[in-house]
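Each chain, written out:
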Amino acid sequence: MQTNSPAVGTGTAFYVDNTDYYYGSFQAVRDVTLDIPERKITAFIGPSGCGKSTVLRCFNRLNDLIPSAHIKGRITYRGVDIYDKGVDPIDLRRNIGMVFQKPNPFPKSIYENIAFGARINGYKGDMDELVERSLRAAAIWDEVKDKLKESGLSISGGQQQRLCIARAIAIEPQVLLMDEPCSALDPISTRSVEELMQELKERYTIIIVTHNMQQATRVSDMTAFFNAEPTEKGGKQGYLVEYAPTQTIFNSPQMEATQDYVSGRFG
Amino acid sequence: MTTADSSKDLNQISDSASGFDSNLAGRYQQDKIFRIAALIATLAGLVVLGFLVFDILVDGLGRLLQNFPSFINSFPSRSADRAGVLSALVGSILLLIITALAAFPLGVGTGIFLQEFGGDSWFSKFVEVNIGNLAAVPSIIYGLLGLTVFVDLLFNVTGGRSVVSAGLTLALLILPVIIVATREAMKAVPDSLRLAGFALGSTRWQVIWEHVLPLALPGILTGTILALSRAIGETAPLIVIGAATFVPFLPTNLKDSFTALPIQIFNWTSRPQAAFHANAAAAIIVLMVLLLTMNAGAIFLRNKFQSER
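This is a predicted model, so every value here is computed, not measured.

Chemist: Before we move on, can you summarise the domain arrangement of chain B with the specific residues and values?
Modeler: Residue and element names in this part refer to chain B. Segmenting chain B into domains produces domain 1 (21-66) and domain 2 (72-308). Contact with domain 1, which involves seven residues of that partner, is made by twelve residues of domain 2. Each partner contributes to the roughly 760 Å² buried at the junction of domain 1 and domain 2, and carbon and sulfur atoms together form 80% of this total. Counting across the domain 1 and domain 2 interface gives zero salt bridges.

Quick look at the structure:
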């Protein structure tokens, strides 16, 4: 999977430069520095509370919605500091889509689930065509094409998650953030989402948070291993242990902690 | 009983080895006691309400049916059997409309602000504490407030002791209830839907308008209509505002003096003649029918919006 020469579309999407993440005065994650390649799948793995979702939610500034959350350091996307005053978070989110842990379709029709994002972002083209294209791209068109008017909640969990992926890509983002997208799905649905990710990475930069190490080895090109250590006050603080091509992380990691985690030996 | 018996057999098998005393019979007994206690609590309220309705129907239904259309469409009169509730009924409905028009946008707007925009600022905390206190203020105090603000200070706008003064006073009275209902209904909308909206590049208002409000609307409407039901039965603030007790005409504009059903009922019950007491009972039936119609409307609206989801 790994290519040594930087070919087309293998530039750096995000560059995370020496960042710390805070909720109020509590430092939740520290010392994260990594660069995320374009049009690859990057996986964040690590135990609960290691801050991988916190870091993920900074890429589209969704953490801005938590008043006490803030970061120190810099995250750039294609060279632009995304926390710069000139960057509008709403515009940023339109370009950096997100899929959540639990499928969360809007309680509206399947059609409207896709059309909503396009409509609020001022899409001028043919809506029917966009809906079909997005559902096809998310490999769910054949299953729902006869019930576009039915509620997005009427389909199975795996279908709902692919509907959410279709909804995210309908507004043509450049990046897809996926926060444990398969943790609520059965193995068959998980497989269909993973296959979909392989297709999507030809067009999108994908960052996936996952608890499932097999999933990371199956789908990702790069893997970042986060760990957590207890703080004096009884909380947990996450930090980035190691970031390398997935093969390296799982076969010959540099750090002992990584080796222990990926081989199932803890602490 | 068969359940308890068969588990006794099972206990004999397991008890010999374990240190547990499951006392299943005792726990079933407890179950039964609390089920009966809860049933008694339910029936107590129901019986009192049933007795009240029965009593009112006995006292008033005869009068209402005997003078059927005339009781509804006549003005008050010195003679009990020619008196009707027309001006009171129209006054109550007019009050209701003014109250709803003033309280709904203000209450829902405040609820939206506190729940979605206010955040943790000192201002929203300040407003929140005050709303909690306002909800506990006795209604007669609102009457005094209305008397000062709407009747005196805003005399030129409201025309003094008018139907609009009373409507606005009742709106203030139920504002806290609508705000709290709005907040609770919006709180019940899962955050995952807000996040989904934001992740697609929605502004906060787009998230509220497209995703939060449609889901919260049944709850908001239910809360609002229940609050209006309370307003329509309020008497004390109307007395303070100065509702007239004898209004032989229909209000032609919002600055007219007015009366309302609770005032009319209050007036009739305080007269010595028994015939007027029957009138009061009949007017209570009219008020109850109005209330039940409103509550039925609330249920209808809620079901309508829920089935659309």
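Chemist: Lay out the interface of chain B and chain A in plain terms, naming residues and giving numbers.
Modeler: Taken residue by residue, the interface counts 17 residues in chain B and 24 residues in chain A. In total, chain B and chain A occlude about 1800 Å² of area from one another, counting both sides; carbon and sulfur atoms represent 67% of this. Taken together, chain B and chain A are joined by two salt bridges. Between A:Lys108 and B:Glu210 there is a salt bridge, and its shortest N-O distance comes to 3.6 Å. Linking chain B to chain A there are four residue pairs in polar contact (both at pLDDT 80 or more). Only α9 (191-199) and α10 (204-233) of chain B provide two or more residues apiece to the side of chain B that touches chain A. At seven residues, α9(B) tops the list of elements feeding residues into the side of chain B that touches chain A. Among the residues forming the side of chain B that touches chain A, the class breakdown is seven nonpolar, seven polar and three charged.

Chemist: So what's going on with the packing of helix α6 (residues 139-153) of chain B against helix α8 (residues 163-187) of chain B? Which residues, and what values?
Modeler: All names here are of chain B. Across the interface, α6 lies against α8 with an axial gap of 9 Å and an inter-helix angle of 135°. Taken together, the axes of α6 and α8 are oblique relative to one another. Remark: the crossing between α6 and α8 carries right-handed chirality. Judged by residue contacts, Ser139, Tyr142, Gly143, Leu145, Gly146, Phe150 and Val151 of α6 engage Ser165, Leu168, Thr169, Leu172, Leu173 and Pro176 from α8. Across the contact of α6 with α8, the residue classes tally to eight nonpolar, five polar and no charged.

Chemist: Describe the environment of B:His211, listing the residues and the values that go with them.
Modeler: Residue and element names in this part refer to chain B. Along the polypeptide, histidine 211 turns up in helix α10. A relative accessible area of 3% means that histidine 211 is categorised as buried. Distance in space between the C-alpha atoms of histidine 211 and valine 189 is 8.6 Å, their sequence separation being 22 residues.

Chemist: Give a description of unusual backbone geometry that names residues and reports values.
Modeler: Notably, A:Arg61 is not glycine yet its phi reads approximately 55°, a positive angle. Position of A:Arg61 relative to the elements: it lies in the loop between α1 (52-59) and β4 (69-77). Judged by its relative accessible area of 11%, A:Arg61 is buried. At B:Asn23, a residue that is not glycine, the phi angle is positive and equals roughly 45°. Looking at the element boundaries, B:Asn23 is found in the loop between α1 (2-15) and α2 (24-66). Exposure remark for B:Asn23: the relative accessible area of 44% places this residue in the partly exposed category.

Chemist: Run through the nonpolar core, naming residues and quoting values.
Modeler: A:Phe14, A:Phe44 and A:Phe59 are the most contacted members of the largest nonpolar core, which totals 108 residues. No other element matches the twelve residues that α8(B) contributes to this core. Setting aside residues up to four positions removed in sequence, A:Phe59 forms contacts with A:Phe14, A:Val16, A:Ile36, A:Phe44, A:Ile75, A:Ile82, A:Leu92, A:Ile96, A:Leu177 and A:Ile207. Residues A:Ile45, A:Ala138, A:Leu163 and A:Ala216 belong to the second largest nonpolar core, which totals 47 residues.

Chemist: Go over the pattern of salt bridges with me, naming the residues and quoting the values.
Modeler: For side chains of opposite charge, pairing can occur when their charged atoms come near one another. A complete count under the given rule lists 21 salt bridges over all chains for this structure. Through salt bridges with shared partners, a single network forms among A:Lys108, A:Glu112, A:Arg119 and B:Glu210.

Chemist: Tell me about helix α7 (residues 187-200) of chain A, residues and numbers included.
Modeler: All names here are of chain A. Here α7 is 14 residues long and its end C-alpha atoms lie 20 Å apart, about the 20 Å a rise of 1.5 Å per residue gives. Three or more residues of α7 are buried, namely Ser189, Thr190, Val193, Glu194, Leu196, Met197 and Leu200. The arc that holds the buried residues of α7, viewed along the axis, is 160°, so those residues lie on one side. Within α7, the exposed residues directed more than 90 degrees away from the buried face are Pro187, Ile188, Arg191 and Glu199. On its buried side, α7 packs onto β3 (41-45), α4 (127-137), α6 (157-170), β7 (175-179), β8 (205-209) and α8 (213-219). Between a side-chain oxygen at the N-terminus of α7 and the backbone nitrogen of isoleucine 188 the separation is 2.9 Å; the capping residue is aspartate 186.

Analysis parameters
Residues numbered from 1 in each chain as written. Chains lettered and ligands numbered in written order. Predicted model: local features only at pLDDT ≥ 70, side-chain atom pairs only at ≥ 80, totals over all residues. Heavy atoms only, no water. Domains from an automatic or database assignment. Contact = heavy atoms within 4.5 Å. Buried area = accessible area lost by both parts, 1.4 Å probe. Salt bridge = Lys/Arg side-chain N within 4 Å of Asp/Glu carboxyl O. Polar contact = N/O pair within 3.5 Å; in protein donor to acceptor, adjacent residues only side chain to side chain. Helix = DSSP H or I, 4+ residues; strand = E, 2+ residues; numbered from the N terminus. Nonpolar A, V, L, I, M, F, W, Y, C, P; charged D, E, K, R; others polar. Axes fitted to C-alpha atoms, helices over the stretch in contact; angles between N-to-C directions. Parallel < 35°, antiparallel > 145°, perpendicular 65-115°, else oblique. Left-handed = near helix turned anticlockwise from the far one by under 90°. Buried < 20%, exposed > 50% of the residue type's maximum accessible area, 1.4 Å probe, protein only. Core = buried A, V, L, I, M, F, W, Y, C linked by side-chain atoms within 4.5 Å. Expected span 1.5 Å × (residues − 1). Arc of directions from axis to C-beta.

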